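# Geometric and topological summary
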2 protein chains.
Amino acid sequence: MLLTANKTDLAIKGKLFRGFGDASRLSILDALRDKPLTVGEIVEVTGLSQSNASNHLGCLRDCGLVVAEQNGRFVTYQLSDDRVGDILALAESLLADVARGVYECTRYNQ
Amino acid sequence: MLLTANKTDLAIKGKLFRGFGDASRLSILDALRDKPLTVGEIVEVTGLSQSNASNHLGCLRDCGLVVAEQNGRFVTYQLSDDRVGDILALAESLLADVARGVYECTRYNQ
DNA sequence: ATAACATATCATCATTTACTGATATGTTAA
DNA sequence: TTAACATATCAGTAAATGATGATATGTTAT
């Protein structure tokens, strides 16, 4: 057992990826790739319920993937960094070529 | 509700990211960034149990993130594509600058 | 101050997912 | 062919996670 990265590092990296690892959050991140949006706009675009969207936004904020800015009674969200979009683009590219079987992955058995 | 990516696409992309979204699988992927390894070597390096490592490898294989090759009674795994390492590197870079709060993210409440 | 609106929080429930231990499959050597 | 080894599968259990609905907080206008 010759771990280079320690357990905490791996756990944190795992959490970062799990930030991307949900269809609802991905729909939010995708929407924000174009331009910053208010929560209401995000709800509109994604079709998520208000509380669900807000919960996911809280998760994405905690994970550092998006940042929020209060504008009057609206809160506008945007991607925190270009690399968030870069990771999404890389994943899409990978998916196109390599990861066709992904829809499986129902854990071990299927 | 003006989704650009459809539900299936988002679900698949989510699954891809969840492939990366676990500390045990990340320890495997990290190990494979250096060089291809047999299952036994992966067990040794990561400290995972044999069955657990094998299950995770099955998951990573299904997700297209690694490929397996039988060599005698050994099975050697390697990353399926350079972009797998690229995504890991991008995530590390992002984590270093932006995502310090990630260790939170205990879902909504904390 | 009150009403209306925008967003956040929280408890609950259902589902997903990780780990373990036992066992099965497959491969090589004696 | 039998034993030893390498890996895979699978059932069972515990924990993590997502969606919902109700409610709370915060902001602006009247």
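Below or above, wherever it landed, is the structure these notes cover. As the structure is a prediction and not an experimental result, all values here were calculated from the model. (Residues numbered from 1 in each chain as written. Chains lettered and ligands numbered in written order. Predicted model: local features only at pLDDT ≥ 70, side-chain atom pairs only at ≥ 80, totals over all residues.)

### A few points about the overall build of chain A
Short version of the rule: Note on conventions: DSSP H or I runs of at least 4 residues are helices, E runs of at least 2 residues are strands, and numbering of each starts at the N terminus. Two residues qualify as being in contact provided that their C-beta atoms, derived from the backbone, are within 7 Å of each other.
Scanning chain A from N- to C-terminus turns up 5 helices and 3 strands. The N-to-C order of helical and strand elements in chain A reads α-α-β-α-α-β-β-α. Counting only contacts in chain A whose residues sit at least 6 apart along the sequence, the fraction spanning at least 24 positions is 50%.

### Brief notes about the sheet that holds strand 1 (residues 37-38) of chain B
Residues and elements named next belong to chain B. Inclusion rule: For two strands to be treated as a pair, DSSP must find at least two bridges joining them.
Strand order in the open sheet made by the 3 strands is 1-3-2, with antiparallel pairing throughout. Each of the sheet's edge strands pairs with one partner strand only, and the pair in question is strand 1 and strand 2 (66-71). As paired elements, strand 1 and strand 3 (residues 74-79) share 2 bridges and run antiparallel to each other. Looking across to strand 3, one finds that Leu37 is bridged to Tyr77.

### With respect to the pairing of strand 3 (residues 74-79) of chain A
All names here are of chain A. With 6 bridges connecting them, strand 2 (residues 66-71) and strand 3 associate as antiparallel partners. Among the inter-strand pairings, Asn71 is bridged to a residue of strand 3, identified as Phe74. Hairpin connection, strand 2 to strand 3: the antiparallel pair is bridged by 2 residues, and Gly72 has positive phi, about 60°.

### Quick notes on the nonpolar core
The following threshold applies: The term nonpolar core refers to a set of buried Ala, Val, Leu, Ile, Met, Phe, Trp, Tyr and Cys residues connected through C-beta atoms within 7 Å. Partly exposed residues are those whose C-beta has more than 12 but fewer than 20 other C-beta atoms within 10 Å; 20 or more makes a residue buried and 12 or fewer makes it exposed, with C-beta atoms placed from the backbone.
Ile28 and Ile42 of chain A together with Ile28 and Leu32 of chain B are the most contacted members of the largest nonpolar core, which has 54 residues in total. When neighbours within four sequence positions are excluded, Ile42 of chain A is seen to be in contact with Ile28, Ala31, Leu37, Ala53 and Tyr77 of chain A.

### So, the sheet that holds strand 3 of chain A
Here 3 strands make up an open sheet; going across it, the order is 1-3-2 (chain A) and the pairing antiparallel. This sheet does not close on itself; its edge strands, each paired only once, are strand 1 (37-38) and strand 2 of chain A.

### Some words on the protein's contact with DNA strand C
So the rule is basically this: Using a C-beta atom placed from the backbone, a residue is scored as near a molecule or strand whenever that atom is within 6 Å of it. Polar here means any residue other than Ala, Val, Leu, Ile, Met, Phe, Trp, Tyr, Cys and Pro, which are nonpolar, and Asp, Glu, Lys and Arg, which are charged; Gly is therefore polar.
Within the structure, DNA strand C sits among 27 residues, and Val39, Gly40 and Ser51 of chain A together with Ser51 and Gly72 of chain B are positioned closest to it. Of all elements in the fold, only helix 3 (39-46), helix 4 (50-62) and strand 3 of chain A together with helix 4 (50-62) of chain B reach the threshold of two or more residues within the surface near DNA strand C. At 6 residues, helix 4 of chain A tops the list of elements feeding residues into the surface near DNA strand C. Looking at the surface near DNA strand C, its residues break down into 6 nonpolar, 16 polar and 5 charged.

### Overview of helix 4 of chain B
All names here are of chain B. For clarity, the threshold we go by: Expected helix span is taken as 1.5 Å per residue step, with the number of steps being one fewer than the number of residues.
For helix 4, built from 13 residues, the straight-helix expectation of 18 Å at 1.5 Å per residue is met to within 8% by its first-to-last C-alpha distance of 18 Å. Those residues of helix 4 that sit buried are Ala53, His56, Leu57, Cys59, Leu60 and Asp62. The inward-facing, buried residues of helix 4 contact helix 1 (7-20), helix 2 (23-34), helix 3 (39-46), strand 2 and strand 3.

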